[in-house]
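So the chains spell out like this:
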Amino acid sequence: SSSPPLPARTERGEHTGRGGEELGGRRAMEITQRIFVKRTRRGKVRRVVREHYLRDDILSGSPHIDEAHLEPRLSPDAKRYLVPDANVLLHQIDVLEHSALQDVILLQTVLSEVRHRRVALYNRARAVAADPQRRCVVFCNEHARESFVARETGESPNDYNDRAIRAAVDWYAHQLRGTVEVTLLTNDRDNLRKARAAGLSAFTIHEYVRSLTAHPDLADMLAGEDSAEHTDSGAIPVSKRARTASGGGAVQGGSGTGGTIYVPHLDADAIKRGLACGELHQGRLRINRHNAREGYVGVPSLGAGNDVRISGREALNRGVHGDMVVLRLLANAPDVNAKAMADDEAAQAELGAAGVYEYELGGDPDEMVAAANAVIKSAKPGAGKGGKAAKVAKDERIYGEVVAIAKRNWRACVGVLDYATQRGSNFVFEPVDILLPRASVTTRQPEALRNQLIVVQFDSWGPDQRYPSAHYVRTIGPVGDKDAESDAILFEHDVPTRPFSAQVRACLPPKGWQIPDDEIAKRLDLRETALVCSVDPPGCVDIDDALHVRTLSNGNFEVGIHIADVGHFIKAGTPIDEEAAIRATTVYLVQRRINMVPERLGEDLCSLFSKVDRLAFSALVELTTDGEIIGAKFAKTVICSKAALSYAQAQDRIDDKEDSSDLTEGLRTLNRLAKKLNLRRRDRGSLNLASPEVRFQLDGESAEPKDMGVYQLKETNAMVEEFMLLANTAVAREITTQFPQFAILRRHPPPRPGAFDTLNRALGQLSPPIALKTGSSRELADSLDAALDFAVPGEPPVKFDPYLNKLVRIMATSSAH
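Sequence order sets the numbering: in each chain, residues are counted from 1 along the sequence as written. Since the coordinates come from a predicted model, pLDDT governs what is reported: local features require at least 70, and pairs of side-chain atoms require 80 or more to be given and counted, while whole-chain, interface and lining totals use all residues. Excluded from the side-chain calculation are hydrogens and water; included are all heavy atoms of the structure.

**Observations regarding the overall build of the protein chain**
Helix and strand definitions follow DSSP, with helices as H or I runs of at least four residues and strands as E runs of at least two, each counted in order from the N terminus. On a plain count of helices and strands, the protein chain comes out with 25 helices and 30 strands. Remark: exposure states derive from per-residue accessible area (1.4 Å probe, protein chains only) relative to the maximum for the residue type, with buried under 20%, exposed over 50%, and partly exposed in between. Out of the 817 residues in the protein chain, the part that is buried amounts to 44%. Throughout, a residue-residue contact means that at least one pair of heavy atoms, one from each residue, lies within 4.5 Å. Considering only residue pairs separated by 6 or more positions, the protein chain has 62% of its internal contacts joining residues 24 or more positions apart. Only the protein chains shown count as cover for residues, and all accessible areas are computed by the Shrake-Rupley method using a 1.4 Å probe. If you sum the accessible surface of the protein chain, you get close to 44100 Å²; carbon and sulfur atoms cover 52% of it.

Shown next, in the form of structure tokens:
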């Protein structure tokens, strides 16, 4: 329906807070005020007054309320509408995303609170609302006059939001008059009590899910029943549900006696005071990949490079990799070995003699390695005797302990259930990512999840829990299955694998599209004047770059570097642009690829096939015969590649002395110029490292890897790489010239101190010894070039060994990272 025009705005402070216009004998709009306080960047608090418009024409999404000619989002046959509150969206979003929950009303009040607290969850909720198959509607209850409620004096934001939600549910119920039941889903006890007292239909999310007997998997997806209200004070036990189900508290991590395992976290006031006086510090926790009981926190207030070491699970105090933690510095290093042994003994005693966790008696493998390393260190001269080694370690390391979690970095993760730890319906979950802790998971489908890779979401971790609580989200597939293991890798690295939506595909031109004549007229047409060709890996289907070279009248060369003009098909702000921004890159696995853009765009419209007209963006660079850059210009072009070659095919043409075709001569010229450009780059101090590239041979029918080997590089590989670097350099120079105030150029930092010490010690064993100078990139490049001659003691010297040089470059690359 058409919306009435907004009334003319009045000057601030002059209206009374009410206004509007009449429409059809009733008030169509009201203007009220929303008053709130806001803290400025300087810490001052000021009062903000804003106009707030109320309307009578806000769509409800229900066919029983809106006018008949409007297409409803909610089903006309629905028996019940579900209205979740913010508590449910924040803690049970996995349940909301399940297809069993249909006809859901998301209130503006709820989405605003979720967006303020967790933007990622807000985006997931909006995605559910945008799916037409889910029959979900967003209702702007704060702008609907009949459902709007004003905040009362002294009312807390939480109480006001809960009252606004109940008012919206009550409005729907009155409008429907029993045609459809409107149910509020909330785990907030006070909100639930008040809703039922007002005669509204209200359930906890757990009560509602248990009523859906046709979907037993939904129960596993529930977070802990009291997770939304859990505090470190222990007032509400998070693991209540699981303990009741298992008849104990062992697997959930409690001590079994009601005691605490970890020190409770400080409250917000204590944290604020401690940070203000400098007693406490804040930073992001990084768990040691080789020892899960050790972490580091970079604290800016202590200066660059001064990481605080957190040793032992007691000091980590439920901190997880990536958490923003609050810590207190320790005067002395903790006795990590004694604490680790005590922790293992406590875990074994807690789990009883039933055979559960027997493998933990000796500690984790990583912890055993750490303990062994500690013994080795203690055996070194001066260690433990007050000698120099002990003094240096004490002086250089800063130790601390976590006293609070400022912001959790919990995420869904992949792993397996350990069936040796089963207690009733409780299991210990082993994550694939070794940086994450084990977790306690409750499931009602244990046999279905046996030997399956599953996804779980962490919920909470109280001081009485040895492991955090988590809930089941979904199953990926069998352990060891190629596709399932690949999906697990992609999930762990947050690679989107969902199919492209219809909205994204609708951004592409229809099938049979040809370049319009008016578009050709706008561009530089190189189809007949330039001998363009592409050189790529064998079997490449997304050919996104091509080259050409031609001799100019002054004897110089024009080299064209052509990149497929994807920007012509992807306009800013469109669904395909937003999806490409989320995916960021195309991800390649051995047997599959996950595209950044739809296949038709990357493998057809923007693939520079041979003998096919294509749109490109081109850098045309003028070079002398010695590879000196004279100038460059840039243009949108139309090109037609004369050949799509592999690296091997291009190399064969260059090496074939009997081939004197124009295309082959062009490739030879490009190869000569590439060598000149490379020499000039290295003279300017370019660093040329190396890393081995593995190539897999796949079975033609099953696509299973059947062989592998080191990828053999040819001159044509370096040729293409050199001209891509040339294009980047030319573009960077042009950006700097045209936008000097806004140009941001990437500069690799110098090698970090000590990065090459281990490599230098190994190279020092040769005779004569090889020493890498790492003061700058230029020094490192020169010393790598010199690493050619060596001799092993007792054997004849070897002169000019290219294998040694490449090996050293590979090891230097590894050391630099």
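Now that the structure has been shown, the text picks up again.
**A few points about the confidence of the model for the protein chain**
Mean pLDDT over the protein chain: 81, with 80% of residues reaching 70 or higher. In this model, residues 226-231 is a region of pLDDT below 50 whose contacts with residues beyond four sequence positions or in other chains number 18 contacts. Every residue carries a pLDDT, the predictor's confidence in it, which falls somewhere between 0 and 100. Below pLDDT 50 for its whole length, residues 347-395 participates in 60 contacts with residues either more than four positions away or in separate chains.

**Considerations on the nonpolar core**
Residues grouped as a nonpolar core are buried Ala, Val, Leu, Ile, Met, Phe, Trp, Tyr and Cys residues, joined through side-chain atoms within 4.5 Å. Residues L101, I105 and L106 are the most contacted members of the largest nonpolar core, which totals 68 residues. The element that contributes the greatest number of residues to this core is helix α5 (residues 157-176), accounting for six residues. Excluding residues that lie within four positions of it along the chain, I105 makes contacts with L74, Y81, L82, V83, P84, V137, F139 and Y172.

**Re α5**
The span you would expect from a helix comes to 1.5 Å times its residue count less one. When the terminal C-alpha atoms of α5 are compared, their 29 Å separation across 20 residues agrees well with the 28 Å that a helix rising 1.5 Å per residue should span. Residues Y160, N161, D162, A164, I165, R166, A167, A168, V169, W171, Y172 and L176 constitute the buried set of α5. R177 sits one or two residues past α5 and shows a positive phi near 55°.

**Let's talk about the sheet that holds strand β18 (residues 452-460)**
Any two strands between which DSSP finds at least two bridges are classified as paired. Reading around the circumference, β15-β16-β17-β19-β18 is the order of the five strands in this closed barrel, with mixed pairing throughout. Strand-to-strand twist of the sheet, defined as the mean angle between neighbouring strand axes without regard to direction, takes the value 55°. Only C-alpha atoms enter the line fits that serve as axes; for helices the fit covers just the stretch in contact. Angles between N-to-C directions range over 0 to 180 degrees.

**With respect to the side chain of N288**
In this structure, N288 sits in strand β10 (residues 280-288). Nitrogen and oxygen atoms within 3.5 Å of one another constitute a polar contact, given that in protein one can donate a hydrogen and the other can accept it, and given that sequence-neighbouring residues count only through two side-chain atoms. Within the structure, N288 has its side chain in polar contact with the backbone nitrogen of H290 (distance 2.9 Å). The contacts of N288, once residues within four sequence positions are left out, are E294, G295, Y296 and L435.

**Focus: the pattern of salt bridges**
A pair is scored as a salt bridge if a Lys or Arg side-chain nitrogen falls within 4 Å of a carboxyl oxygen belonging to Asp or Glu. The tally for this structure, following the rule as stated, stands at 38 salt bridges. Salt-bridge contacts for E152 lead to R163; the nearest nitrogen and oxygen are separated by 3.9 Å. Of this pair, E152 sits in the loop between β7 (136-139) and α5 while R163 sits in helix α5, placing them eleven residues apart in sequence. With a relative accessible area of 48%, E152 lands in the partly exposed category. Between R527 and D613 there is a salt bridge whose closest N-O contact spans 2.9 Å. Note that R527 is positioned in the loop between β20 (524-525) and β21 (533-536) and D613 in strand β26 (residues 613-623), a separation of 86 residues in sequence. Each of D94, E97 and R124 takes part in one network of salt bridges that share partners.

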